[in-house]
Amino acid sequence: STEEVVPQDVSVSIIDAASGTVYGSLKLYGVVKGEVDIAPYIAKNALLTPIWNSRSLAVSRSTSAKRVVVSINGMTSMERLFFRSKFDVTVSCVLSSLVEDQIVEQGDVARLTLYAKGHVAVKMTCSDGSTMQSTMHTSGYPVETMFSTSRMAVGDSVRLEVILDNQYMYTCSYRVVERGASSRTLLWYNHIGGIERYSFAHSLKLGYGVGVQSVEGLNSLKLRSVNGWVRSRLCSRCESSAEIERIAEVLLSPVVFVDSMENAEVVELESREVKFDDKGQLHSISLDICEEWKGGVL
């Protein structure tokens, strides 16, 4: 609201509070009151692809998190934090699910999303007795912590201690297991924006498909634009009810990735439904996914 009687032109700018980058600007002509949806401007600058880091232990600011101010005719709003989902920013917490004992396949990267108003400290203790620590001043941003198992051996174990704002402490353990011949690891985001991961023990190819589109080239030649995809079925191990409930949240995630060593690639869920047995129980879960086929072996 301009709080004026006479209509006037209003200039609006959406600005990254940390870098000063202008995400978007627009002008409203002849208004005394107006409304602007800034979400699309922020969303296209917030990366959803999980961060990858080759370090044994790393903590970094989430690329999905943005602190934004809005400037209207030179008057600037308070800073607001925008993230993948809404969560309580008044409490330091682990945004990923609290699974105390996990397995991670050799070569995979274990990940957690953390939030602290000021300071994060992560200590990793390996089964050989070696330790390493990574700390970060968060400035109120969510952060991603990860460690790679590429230099670890099958059977190694890792104990991770997380301290948020010098008070909250969370401890979990990981055991490195051999990579399955047909296993696939999915990454997704839970209802409060924390990253989740699970290695499905088996995957089965269901089929290939190709979409062909004719396009006009030089001298009116018809060229084909080819997009290939492969469909697969992923099957979990028999898990506890709590773990199955956690995995089932993948159906709610706005984006899902296959974690493949040094990168994460977007996949589509072919069906967003999980069926319970006739006793209302669910001990395992299977998902059909579709991913890009570039030829060769997936």
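Our focus in this paragraph is the overall build of the chain. Broken down by element type, the chain carries two helices and 21 strands. Here the C-alpha coordinates of the chain stretch approximately 70 × 65 × 45 Å along the principal axes. Across the 298 residues that make up the chain, the buried fraction comes to 41%. Of all intrachain contacts in the chain linking residues separated by at least 6 positions in sequence, the fraction that spans at least 24 positions is 62%. In the structure as shown, the chain presents an accessible area of about 16600 Å², 50% of it carried by carbon and sulfur atoms. Distance between charge centres in the chain, computed from 30 positive and 35 negative side chains, equals 3 Å.

Sheet architecture is open: four strands sit in the order β3-β12-β9-β7, paired in antiparallel fashion. Two strands in the sheet have a free side with no partner beyond their single neighbour: β3 (58–61) and β7 (93–94).

A few words on empty space enclosed by the protein. Taken as a whole, this structure holds three cavities of 30 Å³ or more when the rule is applied. In this structure, the largest cavity encloses a volume near 80 Å³. Considering the residues around the largest cavity, the lining is formed by 14 residues, among which Pro50, Ile51, Arg84, Glu144 and Ile195 are closest to the centre. Residue assignment for the lining of the largest cavity shows that the elements contributing at least two residues are β9 (109–115) and β12 (142–148). With three residues, the top contributor of residues to the lining of the largest cavity is β12. Among the residues forming the lining of the largest cavity, the class breakdown is six nonpolar, five polar and three charged.

In this structure, Asp165 sits in the loop between β13 (157–164) and β14 (168–177). Buried and unpaired, Asp165 has Lys117 as its nearest opposite-charge partner, separated by 5.5 Å. At 2.4 Å, the side chain of Asp165 and the side chain of Ser92 are in polar contact. At 3.0 Å, the side chain of Asp165 and the backbone nitrogen of Lys117 are in polar contact.

Reading across the sheet, the five strands line up as β8-β14-β13-β10-β11 and stay open at both edges, with mixed pairing between neighbours. The strands lining the two open edges of the sheet, one partner per strand, are β8 (101–105) and β11 (131–137). Direction aside, neighbouring strands of the sheet carry axes that sit 20° apart on average. The pairing of strand β10 (residues 119–126) with β13 spans seven bridges and is antiparallel. Along β13, the bridge assignment pairs Thr125 with Arg159.

Rules used throughout
- Residues numbered from 1 in each chain as written.
- Predicted model: local features only at pLDDT ≥ 70, side-chain atom pairs only at ≥ 80, totals over all residues.
- Heavy atoms only, no water.
- Helix = DSSP H or I, 4+ residues; strand = E, 2+ residues; numbered from the N terminus.
- Buried < 20%, exposed > 50% of the residue type's maximum accessible area, 1.4 Å probe, protein only.
- Contact = heavy atoms within 4.5 Å.
- Areas by Shrake-Rupley, 256 points an atom, 1.4 Å probe, with all protein chains shown as cover.
- Lys, Arg positive; Asp, Glu negative; His and termini not counted.
- Charge placed at Lys NZ, Arg CZ, Asp CG, Glu CD.
- Pairing = 2+ DSSP bridges.
- 1 Å grid on protein atoms, 1.4 Å probe; cavity = no way out; pocket = protein on both sides within 12 Å on 5 of 7 lines; lining within 4 Å.
- Points joined across faces, edges and corners; volume = space filled by probe spheres on them.
- Nonpolar A, V, L, I, M, F, W, Y, C, P; charged D, E, K, R; others polar.
- Salt bridge = Lys/Arg side-chain N within 4 Å of Asp/Glu carboxyl O.
- Polar contact = N/O pair within 3.5 Å; in protein donor to acceptor, adjacent residues only side chain to side chain.
- Axes fitted to C-alpha atoms, helices over the stretch in contact; angles between N-to-C directions.

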